[in-house]
Amino acid sequence: MADCFFGAVFYSCSSCRCPVAAHDDIISKTFQGRNGRAFLLENLVNIVIGPKENRHLMTGLHTVADVLCLQCHEVLGWKYVKAYEESQKYKEGKYILEKAKVMREDR
């Protein structure tokens, strides 16, 4: 299934192994999630986006929406909908994928 979407390296939900992200779509590996380290990505697939809510994160107030695995509904991270500080606007429309919630797969 992952052959249709990704190159040689991709990330899958650690609960059900549904592919959700291509390694090549990672923008940064230095972000922090709720459960530790996280990736910032441009695109995700096979996800459901939850309702928007305002959260006070390490970098200020943001409107975010949880990102859930399409197959098992495990929360994998969140989508940045709106950043209220000018220096954080680059995150809008991008995704946080928590490393603890996914597994790296190599073809």
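Residues numbered from 1 in each chain as written. Predicted model: local features only at pLDDT ≥ 70, side-chain atom pairs only at ≥ 80, totals over all residues. Heavy atoms only, no water.

Visitor: An account of the state of the cysteines is needed here, citing residue identities and associated values.
Guide: This structure, assessed with the given rule, holds zero disulfides. C16 takes part in no disulfide bond, and the closest cysteine sulfur to it belongs to C69, at a distance of 3.5 Å. Left unpaired, C72 is separated from the closest cysteine sulfur, that of C13, by 3.6 Å. With a relative accessible area of 32%, C72 lands in the partly exposed category. (Disulfide = S-S within 2.5 Å. Buried < 20%, exposed > 50% of the residue type's maximum accessible area, 1.4 Å probe, protein only.)

Visitor: Describe unusual backbone geometry, listing the residues and the values that go with them.
Guide: In this structure, N46 takes a positive phi of about 55° despite not being glycine. Locating N46 in the fold gives a position in the loop between β4 (36-41) and β5 (47-57). Taking relative accessible area as the criterion, N46 reaches 16% and is therefore assigned buried. Residues other than glycine seldom take positive phi values, yet H73 does so here, at roughly 70°. Secondary-structure assignment places H73 in the loop between β6 (60-69) and β7 (75-83). (Helix = DSSP H or I, 4+ residues; strand = E, 2+ residues; numbered from the N terminus.)

Visitor: Describe in detail the pairing of strand β3 (residues 26-33), supporting the description with residues and values.
Guide: Walk down a regular strand and you will see the side chains alternate between the two sheet faces. Looking at chain direction, β3 and β4 are connected through five bridges and run antiparallel. Looking at the pairing, G33 lines up with G36 of β4. Counted along the chain from β3 to the antiparallel partner β4, the turn is two residues long. (Pairing = 2+ DSSP bridges.)

Visitor: Account for the sheet that holds strand β9 (residues 102-106), with residues named and values stated.
Guide: Backbone-to-backbone hydrogen bonds pair the strands of a sheet. The strands run either parallel or antiparallel. One open sheet accounts for three strands, arranged β2-β1-β9; its pairing is antiparallel. The open sheet terminates on both sides in strands that have one partner only, identified here as β2 (19-22) and β9. For this sheet, the mean inter-axis angle between neighbouring strands, taken without regard to orientation, is 35°. Bridge count for strand β1 (residues 9-13) against β2 is three bridges, and the pairing is antiparallel. Across the sheet, residue F10 finds its bridge partner in β2, namely A22. (Axes fitted to C-alpha atoms, helices over the stretch in contact; angles between N-to-C directions.)

Visitor: Tell me what's going on with the UniProt feature "domain: Yippee" (unreviewed entry) in the protein, and back it up with residues and numbers.
Guide: Under the present numbering, the feature "domain: Yippee" (unreviewed entry) in UniProt falls on residues 9-106. Across residues 9-106, helical content stands at 0% and strand content at 63%; the span's end C-alpha atoms are separated by 5 Å. (UniProt positions renumbered as here; feature names shortened; annotations may be inferred.)

Visitor: Can you explain the pattern of salt bridges? Please cite residues and give values.
Guide: Applying the stated rule across the entire model yields eight salt bridges. A salt bridge links R55 to E53; its shortest N-O distance comes to 2.9 Å. R55 gets classed as buried once you look at its relative accessible area, which sits at 13%. One salt bridge connects E92 with K89, and the closest N-O pair in it is separated by 3.5 Å. Take E92: its relative accessible area is 30%, and that puts it in the partly exposed class. In this structure, a network of salt bridges that share partners links the residues R34, E53, R55 and D66. (Salt bridge = Lys/Arg side-chain N within 4 Å of Asp/Glu carboxyl O.)

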